[in-house]
Amino acid sequence: MKYPNIREEELKNSVATDFFKDFDCDKIVGFIDFAVKVKRKSSNLLSLEDLTGFNDEYLLWAEAKAAPSDIVAMLTQLVLTIGKARTFDKMMPPPFLGCFDCEKIAFVPYSEIQHIFYQNDFNWKITPSNTETKEFRLVYEQISKILNNDTPWETYIFDFEGDEKELRRFIRENFIVGKSDISKIKIDKNNFIIIYNKWLQTVKPTIVVDWDVAKRNGIIDGDFYLADLLSQENKTLKEKLFVLLKSNYYEANRRIDESGMFASSQVYFSDNQKAHTLFWNKYERPPREEYWDYIVERRDLLVPQDVRERKGSFFTPQIWVELSQRYLADVLGEDWQDEYYVWDCAAGTGNLLAGLTNKYNIWASTLDKQDVDVMHDRIENGANLLHDHVFQFDFLNDDFSKLPQGLQNIINDPEKRKKLVVYINPPYAEASNKRTLAGGIEGNRGVEQNKTNKTYAKLLGQGNAELFAQFFTRIYCEMSGVVLAEFSTLKILQGQHFVNFRDFFLAKLEKMFVVPADTFDNVNGKFPIGFMIWKTSVKKKFVSITADVFDARKNNIGTKIFSAYENKHYINDWIKPVRGKTGENIIGKFPFKGNDFQNQSMIAIVHPNMDYNVEAGQFLINVNNLIEACIYFAVRKCIPAGWLNDRDQFLFPNKNWKKDTEFHNDCLTYTLFNNNITSKYGVNHWIPFSEQEINARDKFESHVLLSFLNGKVVPNGYANLFEQLEKKKYVKREFSPIATAVFDAGRELWKYYHAQPNCNVNASLYDIREHFQERNDKGKMNNTSSDRQYTELIGNLRDKLKVLAAKIEPKVYEYGFLKE
């Protein structure tokens, strides 16, 4: 270890001196631990950009930890720190982000991380160091995928001692001194978004445009930015862009009018182009030509977030494009591109069609004229498409008579139509989502008010709130017989709101694969996105399919059966009839929250006096329904939630569970040592031990659970539960060896706690955890404790619970709570 027993500030100084002595490491950038920038030549003249730091040329922003630490966790904290402060909006980001501790240092190209900062619906307000937040876990997973993809990232991780020569060579070759002498900043794929954000503040306000009206007509500020960016001497070099810069004005809304003549609108500056000139004097335009296609193709990054969300557009990663085309070949035959026609009716900039070879059989349409222009420009630069086969078309509103005649001929011929593959990644916008509902905000009206939805609303039922379902409905109803090859969520297969859809959408699902949703741009959350190939000429109601499963690195990790939940009753239907009522000696409660895995984290047993998810409806627990409550809780929690099972539904079980007392007691044990009961809200009725067993310092306020375990409280027909019970012989509950091991581990933990000074004699498991782990300055319970014995005891208890969960899991399927 190069830097043993060192404090963080000392470590940062040592790393700066030992490896970055040729650079300036003194500048503090917000809350970023460590920054490396090019040394500036001394000057008495400082511009505003000098004072704000925008002209500073940073080479590295890094997170630092004194102790040996997880590289991904350090990078995650760094990304959350940068994202929270929006540092990239205030100064040019460096080529590299990094992290280091006393042993090692790691570097990641900023361009590989950049997309994380532009996610929809992401809460950047959380504390970056809090590893318990869902945002930390989400970014952690995204960075893990980046570090574990096919690129040899191990070449960017160096041990300070063992790899010292390689590290110095890496810094020498990549941290190039002298670039600060260049008068203009170069533009590349790393910084064009950052420069756009500065352009929004400086240039956009001087462009004479009513942006609200422009947005409604499909014109965005990003089109003006692209016109500026891809220009030389203030003249745009790519003629196919929707907006062009013509020296001292913009040419916009370029089109052929009704008379067949070319028409456009001229847009001027309000300040005689002064701000525009001053701004672009700092940058070298255009970027190197090798970046042009990337920048134009990623126009989606310039689309305002509200527009992205309304349209529901998500860029399809190239790895899934390639895989989907391989699956099409498997289903339709090796020569499918010569034997079938292809229409992408939600093409965006056409990336889904990359890799297809027969351009004479391909059509591409999109809602936005700007995207059509991008595709036309790509055609001129070698994209394998025909100019006349790429066109603007509003699929949910326009009549098919507006289609090119060649495509109309295929659609109007029943036999040719069977040879048409509608190949799409459709928009996923909803009429309303959690954010709009929670905030009282009006949802996406365009989802509900288009022509397709009005025509087929009754047919779709509750599914009419989803744009992608509207696409599939029009395709099925008006283009019957086509092959539909589509990317979508699995709602159409499993969703409760899509029962009506599955009733009328009778087609054979030939083949399917699923991938993690967060591999798509602007998609958050752990759930699967599937690629499905449907033959609409074969009328067959969907029942189930075995799908191939791929991880984020395109590794085939197995298969999974996905089934429709038709005419099924769900687990909440099973449990609701036995819920307690207020005043019935309630000892706990949990919220009704959906029937699937995506709501697993919300299921928690808490004290009846605690306000927790009250809007979801509450199941009140007493000894009459304690076994059912514990079965419900254990069934829903014993199998970890992940992206693959996110939409799996918990069902109404068969009757066989009733006679399995060992299953009852396993679930009871699992729940006793997994709940969130805390005594600060009132009497804790969930102590599973006697005072003698754990050497308690005083008598417990409640013996309800102990009496229940010893058979002194019999469900259904008890009276005066909280009064002293009549002494007589009772039959104790018998526990399996695995459940007994959990009790044994728990007993040792309780004993240790009760040996502490000033312990709470009525403490729950949650109270014990809080005592040893304490809370941070934000009020959140810490993940770990400095007490080694507690850490060992709680770890042992958790290990025993994992074994018990594994024992319960097969019963979940055997008794029908989940489908196999």
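The structure we're discussing is the one just above.
Note that the coordinates shown come from a computational prediction; the quantities given were computed from them, not determined experimentally.

**Overview of the overall build of the protein**
For step 1, the next point in the chain: Across its full length, the protein carries 31 helices and 23 strands.
For step 2, the next point in the chain: Accessible surface computed for the protein: about 37400 Å², of which carbon and sulfur atoms make up 47%.

**Some thoughts on helix H26 (residues 626–637)**
The α-helix advances 3.6 residues per turn, and as a result positions three or four apart in sequence lie on the same side.
For step 1, the next point in the chain: Spanning twelve residues, H26 covers 16 Å between terminal C-alpha atoms, matching the ideal 16 Å at 1.5 Å per step.
For step 2, the next point in the chain: Within H26, eleven of the twelve residues are buried, leaving the element largely enclosed by the surrounding structure.
For step 3, the next point in the chain: Among the residues of H26, those classed as buried are Leu626, Ile627, Glu628, Ala629, Cys630, Ile631, Tyr632, Phe633, Ala634, Val635 and Arg636.
For step 4, the next point in the chain: In the core, the buried residues of H26 are packed alongside helix H25 (571–575), strand S22 (588–591), strand S23 (618–621), helix H27 (661–672), helix H28 (704–709) and helix H31 (788–814).

**Description of the packing of helix H30 (residues 765–773) against H31**
For step 1, the next point in the chain: Between H30 and H31, the least distance of the axes is 11 Å, while the angle of their chain directions is 145°. H31 is crossed by H30, and the crossing has left-handed handedness. Touching Leu765, Ile768, Arg769, Phe772 and Gln773 of H30 are Tyr790, Ile794, Leu797 and Arg798, all from H31.
For step 2, the next point in the chain: Across the contact of H30 with H31, the residue classes tally to six nonpolar, one polar and two charged.

**What about the environment of Lys712?**
For step 1, the next point in the chain: Note on placement: Lys712 falls in the loop between H28 and helix H29 (737–754).
For step 2, the next point in the chain: Along the chain, Lys712 and Val731 lie 19 residues apart, while their C-alpha atoms are 7.8 Å from each other.

**Digging into the environment of Asn654**
For step 1, the next point in the chain: In this structure, Asn654 sits in the loop between H26 and H27.
For step 2, the next point in the chain: Relative accessible area serves as the criterion here: at 29%, Asn654 is assigned to the partly exposed category.
For step 3, the next point in the chain: Placed 160 residues apart in sequence, Asn654 and Glu814 show a C-alpha to C-alpha distance of 8.8 Å.
For step 4, the next point in the chain: Those residues within four positions of Asn654 in sequence are excluded, and the remaining contacts are Glu814, Tyr815 and Gly816.

**Quick word on the side chain of Lys104**
For step 1, the next point in the chain: As for its placement among the helices and strands, Lys104 is situated in strand S4 (residues 104–109).
For step 2, the next point in the chain: Among the polar contacts listed, one links the side chain of Lys104 to the side chain of Asp101, at a separation of 2.5 Å.
For step 3, the next point in the chain: Setting aside residues up to four positions removed in sequence, Lys104 forms contacts with Ser69, Ile71, Cys99, Phe158, Asp159 and Phe160.

**Here's the deal with the sheet that holds strand S5 (residues 157–159)**
For step 1, the next point in the chain: With respect to topology, five strands assemble into an open sheet ordered S1-S2-S3-S4-S5, the strand pairing being mixed. Looking at strand neighbours, the two that pair on one side only are strand S1 (34–37) and S5, the edges of this open sheet. On average, each strand axis in the sheet is inclined to that of its neighbour by 20°, with strand direction left out of account.
For step 2, the next point in the chain: The pairing of S4 with S5 spans three bridges and is classified as antiparallel. Residue Lys104 lies in a different strand from S5, and its bridge partner there is Asp159.
For step 3, the next point in the chain: Against the sheet, helix H3 (residues 71–85) engages strand S2 (58–64), strand S3 (96–100), S4 and S5, with an angle of about 130° to S3.

**With respect to the packing of aromatic side chains**
For step 1, the next point in the chain: All told, the structure shown has 77 aromatic pairs when counted by the stated rule.
For step 2, the next point in the chain: Ring centres of Phe88 and Phe117 lie 4.7 Å apart, and the angle between their planes is 40°; on these two criteria the pair is classed as tilted. A residue pair is termed long-range when its members are at least 10 positions apart, and Phe88 in helix H4 (residues 87–90) and Phe117 in the loop between helix H5 (110–113) and helix H6 (134–147) qualify at 29 residues. Both residues of the pair, Phe88 and Phe117, count as buried.
For step 3, the next point in the chain: Between Tyr327 and Phe550, the ring centres sit 6.5 Å apart and the planes meet at 75°, which makes this aromatic pair edge-to-face. Of this pair, Tyr327 sits in helix H14 (residues 318–332) while Phe550 sits in strand S20 (residues 544–550); the two residues are 223 residues apart in sequence, bridging distant segments of the chain.

Analysis parameters
- Residues numbered from 1 in each chain as written.
- Predicted model: local features only at pLDDT ≥ 70, side-chain atom pairs only at ≥ 80, totals over all residues.
- Heavy atoms only, no water.
- Helix = DSSP H or I, 4+ residues; strand = E, 2+ residues; numbered from the N terminus.
- Areas by Shrake-Rupley, 256 points an atom, 1.4 Å probe, with all protein chains shown as cover.
- Expected span 1.5 Å × (residues − 1).
- Buried < 20%, exposed > 50% of the residue type's maximum accessible area, 1.4 Å probe, protein only.
- Contact = heavy atoms within 4.5 Å.
- Axes fitted to C-alpha atoms, helices over the stretch in contact; angles between N-to-C directions.
- Left-handed = near helix turned anticlockwise from the far one by under 90°.
- Nonpolar A, V, L, I, M, F, W, Y, C, P; charged D, E, K, R; others polar.
- Polar contact = N/O pair within 3.5 Å; in protein donor to acceptor, adjacent residues only side chain to side chain.
- Pairing = 2+ DSSP bridges.
- Phe/Tyr/Trp six-rings, centres within 6.5 Å; stacked < 30°, edge-to-face > 60°.

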